[in-house]
Amino acid sequence: MSLDTTKKQELINAHQTHGTDTGSVEVQVAMLSERISKLSGHLQGNIHDFSSRQGLLKMIGRRKRLLSYLRSNSEQRYSSLIQKLGIRG
């Protein structure tokens, strides 16, 4: 469940902090969130796909670690990112 090039570029352009930014925490979390939503949709139809479920849990853990890192460094960037992505209830 990877993202195509155009979708990746749209996410990078929407969440980058400066012109050549492709790997900041905001961009990484946005890409992980998109992959998580695609994979969770796949798993609703394919209940017995356990290897994909394990990959989903790893992605959720990685996103959680990145968000906690961002929160410890900049609370303002953290709150704007979760509001923009619509995560964390």
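This write-up is about the structure you can find in this document. (Residues numbered from 1 in each chain as written. Predicted model: local features only at pLDDT ≥ 70, side-chain atom pairs only at ≥ 80, totals over all residues. Heavy atoms only, no water.)

**Focus: the pattern of salt bridges**
- A complete count under the given rule lists two salt bridges for this structure.
- Notably, a salt bridge pairs Arg77 with Glu26, separated by 2.6 Å at the nearest N-O pair. In this pair, Arg77 sits in helix 4 (residues 75-85) while Glu26 sits in helix 2 (residues 25-45), placing the two residues 51 residues apart along the sequence.
- A salt bridge links Arg71 to Glu75, with the shortest nitrogen-to-oxygen separation between them at 3.6 Å. (Salt bridge = Lys/Arg side-chain N within 4 Å of Asp/Glu carboxyl O. Helix = DSSP H or I, 4+ residues; strand = E, 2+ residues; numbered from the N terminus.)

**Considering helix 3 (residues 50-73)**
- With 24 residues, helix 3 extends 35 Å from end C-alpha to end C-alpha; this agrees with the ideal 34 Å at 1.5 Å per step.
- Looking at helix 3, one finds that the buried residues are Ser52, Leu56, Met59, Arg63, Leu66, Leu67 and Leu70.
- Where helix 3 is buried, its residues touch helix 2 and helix 4. (Expected span 1.5 Å × (residues − 1). Buried < 20%, exposed > 50% of the residue type's maximum accessible area, 1.4 Å probe, protein only. Contact = heavy atoms within 4.5 Å.)

**Regarding the side chain of Ser33**
- As for its placement among the helices and strands, Ser33 is situated in helix 2.
- Each residue touching Ser33, except ones within four places of it in the same chain, is listed here: Arg63, Leu85 and Ile87.

**Regarding helix 4**
- The set of residues buried in helix 4 consists of Tyr78, Leu81 and Ile82. Along the long axis of helix 4, the arc covered by the buried residues comes to 95 degrees, so they all point the same way. Exposed side chains of helix 4 directed beyond 90 degrees from the buried face belong to Gln76, Gln83 and Lys84.
- Looking one or two residues past helix 4, Gly86 carries a phi angle of roughly 75 degrees, positive in sign. (Arc of directions from axis to C-beta.)

**Concerning the nonpolar core**
- Residues Val29 and Leu67 are the most contacted members of the largest nonpolar core, which totals 15 residues.
- Taken together, the elements giving at least two residues each to this core come down to helix 2, helix 3 and helix 4.
- Looking at which element gives the most residues to this core, the answer is helix 2, with six residues.
- Ignoring anything within four residues of it in the chain, the contact list for Leu67 reads Val29, Tyr78, Leu81, Ile82, Ile87 and Arg88. (Core = buried A, V, L, I, M, F, W, Y, C linked by side-chain atoms within 4.5 Å.)

**Details of the packing of helix 2 against helix 4**
- At a closest axis distance of 11 Å, the pairing of helix 2 and helix 4 adopts a crossing angle of 25 degrees. Put simply, helix 2 runs roughly parallel to helix 4. Regarding helix 2 and helix 4, the two cross each other, and that crossing is right-handed. Note on element contacts: helix 4 touches helix 2 through Arg77, Leu81 and Leu85, opposite Glu26, Val29, Ala30 and Ser33.
- Residue composition of the contact of helix 2 with helix 4, by class: four nonpolar, one polar and two charged. (Axes fitted to C-alpha atoms, helices over the stretch in contact; angles between N-to-C directions. Parallel < 35°, antiparallel > 145°, perpendicular 65-115°, else oblique. Left-handed = near helix turned anticlockwise from the far one by under 90°. Nonpolar A, V, L, I, M, F, W, Y, C, P; charged D, E, K, R; others polar.)

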